[in-house]
Every structure is written in C-alpha cells, then in structure tokens.
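Analysis of the macromolecular model
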Amino acid sequence: QVQLVESGGGLVQPGGSLRLSCAASGFPFSRYAMSWYRQAPGKERELVAAITSIGGITNYLDSVKGRFTISRDNSKNTVYLQMNSLKPEDTAVYYCNAVGRDYGREYDYWGQGTQVTVSS
C-alpha cells in the first residue's frame, strides 16, 4: 500500500520558519523523483520544489528561491522542505508528490497535505 504522509505544518508568524516532512512507504522511494506542491484557497495547485531520485538536482518556484530548501534522505524514505523567511502568501496546504517508472509505466502518488498558515 502506497503512502505519503506529510507533517510539520502549522501556524507561524511572518519571517518565521517551518520544516515539512514527508514519510513514504509502499514503493521504491530511492528511484522516484520527489516534489512539494501547494494550493491556497481558490487558487491552482502549484509546484514549489522538486528533487531528483538521487538528490543531485533541485528545482524551485521563483518566489521561494533563496528561502526554501528541498532535501531527501533515501535511507529513511523521507523528503523535507525547509521553509525560512515565511510570508503570508506562503499560506496553503502543502502536498508531497512522488513520480517514477516501474514495469514500463509512470506512477504519480500524492499525500493528503499539511496546512501551513503564515499570519501575525
């Protein structure tokens, strides 16, 4: 059974920090690219950060560059998103995503999300 379980969300003041974690199971984590998406009320879901299966290449939404860092620990089947200098516009539900290929087919898995609220 495939599972992606996010944690670490919460309420934080502008300028504060949070670290999100996504614990994965049920698929070959080390062979999958991982990413974080977010969705605010009334808005489209957008890609925030992505990391390749080995972790050698990362990609970020322009508005979070220099503030957010994605990383992964394949020995723990976990991907992280360190978020610093948070702004109110970062408020959203953050989702963990996994993409990879097995048996000649592409698979795309999603977590249930964790709420991040940035407010004074």
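Heads up: these notes are all about the structure in this document. Fair warning: this is a prediction, and the values are worked out from it, not measured in the lab.

With respect to the overall build of the protein
Check the secondary structure of the protein and you find zero helices and eleven strands. Listed by position from the N terminus, the elements making up the protein come as β-β-β-β-β-β-β-β-β-β-β. Dimensions of the protein, computed from the C-alpha atoms along their principal axes, are close to 50 × 25 × 25 Å. Here the protein holds 120 residues, and 39% of them are scored as buried. Sequence separation of at least 24 residues holds for 54% of the intrachain contacts in the protein that already meet a minimum separation of 6. In the form shown here, the protein has an accessible surface area of approximately 6,500 Å², with 47% of it arising from carbon and sulfur atoms.

Notes on the state of the cysteines
Applying the stated rule across the entire model yields one disulfide. With a sulfur-sulfur separation of 2.1 Å, cysteine 22 is cross-linked through a disulfide to cysteine 96. As the torsion about the S-S bond is roughly -85 degrees, the cysteine 22-cysteine 96 disulfide counts as left-handed. Taken together, the residues span a long stretch of sequence, with cysteine 22 in strand S3 (residues 18-25) and cysteine 96 in strand S9 (residues 92-102) at a distance of 74 residues. Residue classification places cysteine 22 among the buried positions, given a relative accessible area of 0%.

Re the side chain of asparagine 97
Relative to the assigned elements, asparagine 97 resides in strand S9. With a relative accessible area of 3%, asparagine 97 lands in the buried category. At a separation of 3.0 Å, a polar atom in the side chain of asparagine 97 contacts the main-chain carbonyl oxygen of tyrosine 109. Aside from chain neighbours lying at most four places away, what touches asparagine 97 is Leu4, Ala33, Met34, Ser35, Tyr37, Asp108, Tyr109 and Trp110.

Considerations on the nonpolar core
Ranked by internal contacts, the top residues of the largest apolar core, which has 31 residues, are Leu4, Trp36, Val79, Leu81, Met83 and Tyr94. Contributing elements (two or more residues each) for this core: S3, strand S4 (33-39), strand S5 (46-51), strand S7 (68-73), strand S8 (78-83), S9, strand S10 (105-110) and strand S11 (114-118). Those residues in contact with leucine 81 that lie beyond four places of it in its chain are Leu18, Arg19, Leu20, Trp36, Val48, Ala49, Phe68, Thr69, Ile70 and Tyr94.

About the cut-offs
Residues numbered from 1 in each chain as written. Predicted model: local features only at pLDDT ≥ 70, side-chain atom pairs only at ≥ 80, totals over all residues. Heavy atoms only, no water. Helix = DSSP H or I, 4+ residues; strand = E, 2+ residues; numbered from the N terminus. Buried < 20%, exposed > 50% of the residue type's maximum accessible area, 1.4 Å probe, protein only. Contact = heavy atoms within 4.5 Å. Areas by Shrake-Rupley, 256 points an atom, 1.4 Å probe, with all protein chains shown as cover. Disulfide = S-S within 2.5 Å. Polar contact = N/O pair within 3.5 Å; in protein donor to acceptor, adjacent residues only side chain to side chain. Core = buried A, V, L, I, M, F, W, Y, C linked by side-chain atoms within 4.5 Å.

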